[in-house]
Amino acid sequence: QVQLVESGGGLVQAGGSLSLSCAASGRTFSRYCMGWFRQAPGKEREFVAAIDWGGGTTIYADSVKGRFTISRDNAKNTVYLQMNSLKPEDTAVYYCAAGPVISRHPSEYAYWGQGTQVTVSS
């Protein structure tokens, strides 16, 4: 079992930056690949970024590539999402998730956090 708690969301102007964190409980965090997803009102949950268990492989959605960076610190049981050059269309609830493989698909992730709101004003 892994419990995930996101933090760091908030309101920011377009062009600004935010850093999200996702703290995991349990001693097996380093065995999981981690992903960030987001869901805007009236839209399906969409993939943002993911990282493998060791941090050596990362994948990104095209819409955030070059602006967002995912990283992890296994000693702190935490995964991060640094978001730069934010746009109004990045507004959504952001969720972190843990699963056995690095994937763009929500169905591959077994554990989910409760989400944190990110709002980007124009």
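Details of the structure are given in the entry above.
Okay, so let's go over this structure.

Rules used in this analysis
- Residues numbered from 1 in each chain as written.
- Predicted model: local features only at pLDDT ≥ 70, side-chain atom pairs only at ≥ 80, totals over all residues.
- Heavy atoms only, no water.
- Phe/Tyr/Trp six-rings, centres within 6.5 Å; stacked < 30°, edge-to-face > 60°.
- Helix = DSSP H or I, 4+ residues; strand = E, 2+ residues; numbered from the N terminus.
- Buried < 20%, exposed > 50% of the residue type's maximum accessible area, 1.4 Å probe, protein only.
- Lys NZ or Arg CZ within 6 Å of the ring centre and 35° of its normal.
- Contact = heavy atoms within 4.5 Å.
- Pairing = 2+ DSSP bridges.
- Axes fitted to C-alpha atoms, helices over the stretch in contact; angles between N-to-C directions.
- Disulfide = S-S within 2.5 Å.
- Core = buried A, V, L, I, M, F, W, Y, C linked by side-chain atoms within 4.5 Å.

### Quick word on the packing of aromatic side chains
Aromatic rings in a pair are described by how distant their centres are and how their planes are angled relative to each other. Overall, the coordinates contain five aromatic pairs when judged by the stated rule. Here Phe37 and Phe47 contribute two aromatic rings whose centre-to-centre distance is 5.7 Å and whose plane-to-plane angle is 70°, an arrangement assigned as edge-to-face. Of this pair, Phe37 sits in strand E4 (residues 33–39) while Phe47 sits in strand E5 (residues 46–51), and the two are 10 residues apart along the sequence. Between Phe37 and Trp112 the ring centres are 5.1 Å apart and the planes differ by 55°, which places this aromatic pair in the tilted class. Within this pair, whereas Phe37 is found in strand E4, its partner Trp112 is found in strand E10 (residues 111–112), the two being separated by 75 residues in sequence. Phe37 sits in the buried class, given a relative accessible area of 0%. Grouping aromatic residues by their ring pairs yields a cluster made of Phe37, Phe47, Tyr109 and Trp112. Between Arg45 and the ring centre of Tyr95, over which it is positioned, the NZ or CZ distance is 3.9 Å. One Lys or Arg, Arg72, reaches over the ring of Phe29 and ends 4.5 Å from the middle of that ring.

### Regarding the side chain of Ser103
Of note, Ser103 is situated in the loop between strand E9 (92–99) and E10. The exposure class assigned to Ser103 is buried, which follows from its relative accessible area of 8%. Residues contacting Ser103, with those up to four places away along its chain left out, are Phe37, Phe47, Ala50, Ile59, Glu108 and Tyr109.

### Describing the sheet that holds strand E3 (residues 18–24)
Judged by pairing direction, the sheet is antiparallel, and its four strands sit side by side in the order E1-E3-E8-E7 without closing on themselves. Of all the strands in the sheet, the pair left with one neighbour each is strand E1 (4–7) and strand E7 (68–73). Taken pair by pair, the neighbouring strands of this sheet meet at an average axis angle of 15°, ignoring direction. Here four bridges tie E1 to E3, and the two strands are oriented antiparallel to one another. Residue pairing in the sheet places Val5 in a bridge with Ala23 of E3.

### Focus: the state of the cysteines
The full count for this structure, using the stated rule, is one disulfide. Between the sulfur atoms of Cys22 and its disulfide partner Cys96 the distance amounts to 1.9 Å. Its torsion about the S-S bond being 50°, the disulfide of Cys22 and Cys96 is classed as right-handed. Placement of the pair is Cys22 in strand E3 and Cys96 in strand E9, with a sequence separation of 74 residues. Given a relative accessible area of 0%, Cys96 falls into the buried group. As a non-bridged cysteine, Cys33 has Cys22 as the owner of its nearest cysteine sulfur, 14 Å distant. The buried category is assigned to Cys33, whose relative accessible area is 5%.

### Describing the nonpolar core
Soluble globular proteins: nonpolar side chains tend toward being buried together. Counting residues in each nonpolar core, the largest one holds 35 residues, and the members touching the most others are Met34, Trp36, Leu81, Met83 and Tyr94. Only E3, E4, E5, E7, strand E8 (78–83), E9 and strand E11 (116–121) provide two or more residues apiece to this core. Filtering out sequence-adjacent residues up to four positions away, Tyr94 remains in contact with Glu6, Leu20, Trp36, Phe37, Arg38, Val48, Phe68, Leu81, Met83, Gly115, Thr116 and Val118.

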